[in-house]
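Summary of the model geometry
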Amino acid sequence: MRDMQVRASVLPRLRSLLVLRDGQTLTARVFNDGPPLDRPVNIKSASKSVMSALVGIAVQRGVFDGVDQPVLPLLKRDAPADPDPRLARVTIGNLLSMQAGLERTSGENYGRWVSSPNWVRFALARPFVADPGTAMLYSTGSTHLLSAMLTRATGKSTLANARAWLGEPLGIAIPAWPGDPQGIYFGGNEMKLSPRALARFGELYRLGGIVDGRRILPAQWIEQSWTPRAVSPWSGKEYGYGWFLTEMRGHPVRFAWGYGGQMVYVIPDLRLTVVMTSDPNGARDTGHIDTLHSIVENAVVPAAERGAS
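An account of the accompanying structure is given in this report. In every chain, residue numbers begin from 1 and rise along the written sequence. Local features in this predicted model are restricted to residues of pLDDT 70 or higher, and side-chain atom pairs are both shown and tallied only at a pLDDT of 80 or more, whereas totals for entire chains, interfaces and linings draw on every residue. Side-chain numbers come from the whole structure's heavy atoms, not from hydrogens or water.

**Remarks on the overall build of the protein**
Short version of the rule: Comment: elements are numbered from the N terminus, with helices defined as DSSP H or I runs of at least four residues and strands as E runs of at least two. We compute the radius of gyration over the C-alpha atoms and compare it with the globule rule, which gives 2.2 Å times the number of residues raised to the power 0.38. Exposure classes here rest on a 1.4 Å probe applied to the protein chains alone. A residue is buried below 20% of its type maximum, exposed above 50%, and partly exposed in between.
Broken down by element type, the protein carries eleven helices and twelve strands. Taking 2.2 N^0.38 as the reference for a compact globule, 309 residues should give roughly 19 Å; the C-alpha atoms of the protein span a radius of gyration of 19 Å, in line with that estimate. Each principal axis of the C-alpha distribution contributes one length, and for the protein these read about 60 × 40 × 35 Å. Taking all 309 residues of the protein together, 57% fall into the buried category.

**Some points on helix α11 (residues 286-305)**
As a reminder of what qualifies: Helix span, expected: 1.5 Å multiplied by one less than the number of residues in the helix. Note on definitions: a residue-residue contact is assigned when non-hydrogen atoms from the two residues lie within 4.5 Å.
Between its terminal C-alpha atoms α11 stretches 27 Å, which fits the 28 Å expected from 20 residues at 1.5 Å a residue. Each element contacted by the buried residues of α11 is listed here: α1 (2-9), β1 (14-21), β9 (244-248), β10 (251-258), β11 (262-267) and β12 (272-278).

**A closer look at the sheet that holds strand β7 (residues 230-231)**
Rule in force here: One requirement defines pairing of two strands: DSSP has to find at least two bridges between them. The convention used is that axes are lines fitted to C-alpha atoms, helices contributing only their stretch in contact, and that angles between N-to-C directions extend from 0 to 180 degrees.
Strand order across the open sheet formed by eight strands is β2-β1-β12-β11-β10-β9-β8-β7, with antiparallel pairing between neighbours. Here the strands that pair on one side only, and so sit at the sheet edges, are β2 (24-30) and β7. Contacts from α1 reach β1 and β2, with the element oriented near 165° to β1. Most of the contacts of α11 go to β12, to which it runs at about 150°, and overall it touches β1, β9, β10, β11 and β12.

**Some remarks on the packing of α1 against α11**
Any two packed helices are characterised by how steeply their axes cross, that is the angle between the axes, and by the distance between the axes. Formally: Angles below 35 degrees are treated as roughly parallel, those above 145 as roughly antiparallel, those between 65 and 115 as roughly perpendicular, and all remaining angles as oblique. The crossing is said to be left-handed when, going from far helix to near helix, the turn is anticlockwise and less than a right angle, and right-handed when the turn is clockwise. Under the grouping applied here, Gly and all other residues not named as nonpolar or charged are polar, the nonpolar ones being Ala, Val, Leu, Ile, Met, Phe, Trp, Tyr, Cys and Pro and the charged ones Asp, Glu, Lys and Arg.
Taken N-terminus to C-terminus, the directions of α1 and α11 make an angle of 160°; their axes are 8 Å apart at the nearest point. Accordingly, the angle class assigned to the pair α1 and α11 is roughly antiparallel. Where α1 crosses over α11, the two elements pack in a sense that is right-handed. Here α1 contributes D3, M4, R7 and A8 to the contact with α11, which in turn contributes S294, I295, N298, A299 and V300. In terms of residue class, the contact of α1 with α11 is built from five nonpolar, two polar and two charged.

**Examining the pattern of salt bridges**
Note the cut-off: Only one rule defines a salt bridge in this text: a Lys or Arg side-chain nitrogen within 4 Å of an Asp or Glu carboxyl oxygen.
With the rule as written, the count across this model stands at 13 salt bridges. In this structure, R86 engages D84 in a salt bridge whose closest nitrogen and oxygen atoms are separated by 2.9 Å. Accessibility expressed as a relative area gives 23% for R86, which makes it partly exposed. D84 gets classed as partly exposed once you look at its relative accessible area, which sits at 28%. The residue R200 makes a salt bridge to D212 at a minimum N-O spacing of 2.6 Å. Placement of R200 in helix α9 (residues 195-206) and of D212 in the loop between β5 (210-211) and β6 (214-215) is noted, with a sequence separation of twelve residues between them. You can call R200 partly exposed: its relative accessible area is 26%. Under the relative-accessibility criterion, D212 is labelled exposed at 66%. One connected set of salt bridges, linked through shared partners, spans D78, R121 and R152.

**Here we look at the side chain of K48**
This is how the line gets drawn: Charge convention: Lys and Arg are scored as positive, Asp and Glu as negative, and His as well as the terminal groups of each chain are ignored. Definition of a polar contact: a pair of N or O atoms within 3.5 Å, with one able to donate and the other able to accept a hydrogen when the atoms are protein atoms, and with sequence-neighbouring residues admitted only if both atoms are side-chain atoms.
Within the fold, K48 resides in helix α2 (residues 47-60). It is E190 that comes nearest to the buried, bridge-free K48 among opposite-charge side chains, at 9.3 Å. One polar contact links K48 to S45, side chain to side chain, over a distance of 2.8 Å. Setting aside anything within four residues of it in sequence, one finds K48 in contact with M98, Y138, T140, T143, G188, Y239 and G242.

**Here's the deal with the pairing of β10**
Across the eight residues of β10, six count as buried, placing the element largely inside the fold. Across five bridges, β9 lies against β10 in antiparallel orientation. Counterpart to E247 in the pairing with β10 is P252. Looking at chain direction, β10 and β11 are connected through five bridges and run antiparallel. Residue R254 lies in a different strand from β11, and its bridge partner there is V266. Taking the residues between adjacent antiparallel strands as the criterion, β10 and β11 are bridged by three residues, where G260 takes a positive phi near 85°.

**Some thoughts on the nonpolar core**
For clarity, the threshold we go by: We call a set of buried residues a nonpolar core when its members are Ala, Val, Leu, Ile, Met, Phe, Trp, Tyr or Cys and they connect through side-chain atoms within 4.5 Å of each other.
Formed by 69 residues in total, the largest nonpolar core has its most connected members in L166, I174 and Y205. Ranked by residue count, the leading element in this core is α2, at seven residues. With sequence-adjacent residues up to four places away left out, Y205 is seen in contact with S49, S52, A53, L217, W221, I222, W226 and W243. By size, the runner-up hydrophobic cluster in this structure holds 30 residues, among which are F255, M263, Y265 and A304.

**A short note on the environment of P302**
With respect to the helices and strands, P302 occurs in helix α11. Under the relative-accessibility criterion, P302 is labelled buried at 10%. A sequence separation of 196 residues divides P302 from S106, and the C-alpha atoms of the two residues are 36 Å apart. Ignoring anything within four residues of it in the chain, the contact list for P302 reads R249, V296 and E297.

Written as structure tokens, this is what we have:
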């Protein structure tokens, strides 16, 4: 693992690196005056993977009927008065896989969306630029709609559900994070978890939904989340339900990805969970992300293949 640490040490944006094999911590490093590994940090869009887990638990508990459940009935009061007929076809699964078909609320549209007086209404009122279930249109508004649905279906906040369904059973702290003007916790961005909590979350998926002998997440949900459903037009990576999917040196890799380099990699066949956090406020830098991927592919994975400890 020395090669990995050398590569990581020269990255000015990197803040933390954790490598776990079989649940045992092999590397735990802080870089560039980053915060301690147990202090919550902004995980940006890695929040979408957490939101996906909450949806999976909601399905298991009967809060949601399943991924084919239409979005509109729970959100009808915020829908346009005369909506495009396709809005009635948008499902929970479409939101999870970024295939709602609605114009994106990320990228160039993000500022207008988060400045709007009602984020749910704004997202539902976007024009359709594709049919539901077709093109991947990465949109944080889609994940926020899931947070709104969860809030309305349970009568509890997404924060309360996250703490009860993930925080308590995983033994991790989930502090409050920002919400929209109606008080719905931001679905898909701005959550705060420590690097160690992210590693615990990654381990939950690596272990098939069971941690410390306790079933937290359905194994079937993990399989569904890691089934390719779309391909990102930006990165070329496949996407499931809140997780990006790729291969490194022939090994299937599933990863949560937040802006700036907030990453959780799960490599099941090598029994690895890797967490990296970075400066969340820097300018967009694909070179940094490419380097993080390279560290995993060209340093961590070969070391694991050799049986390094």
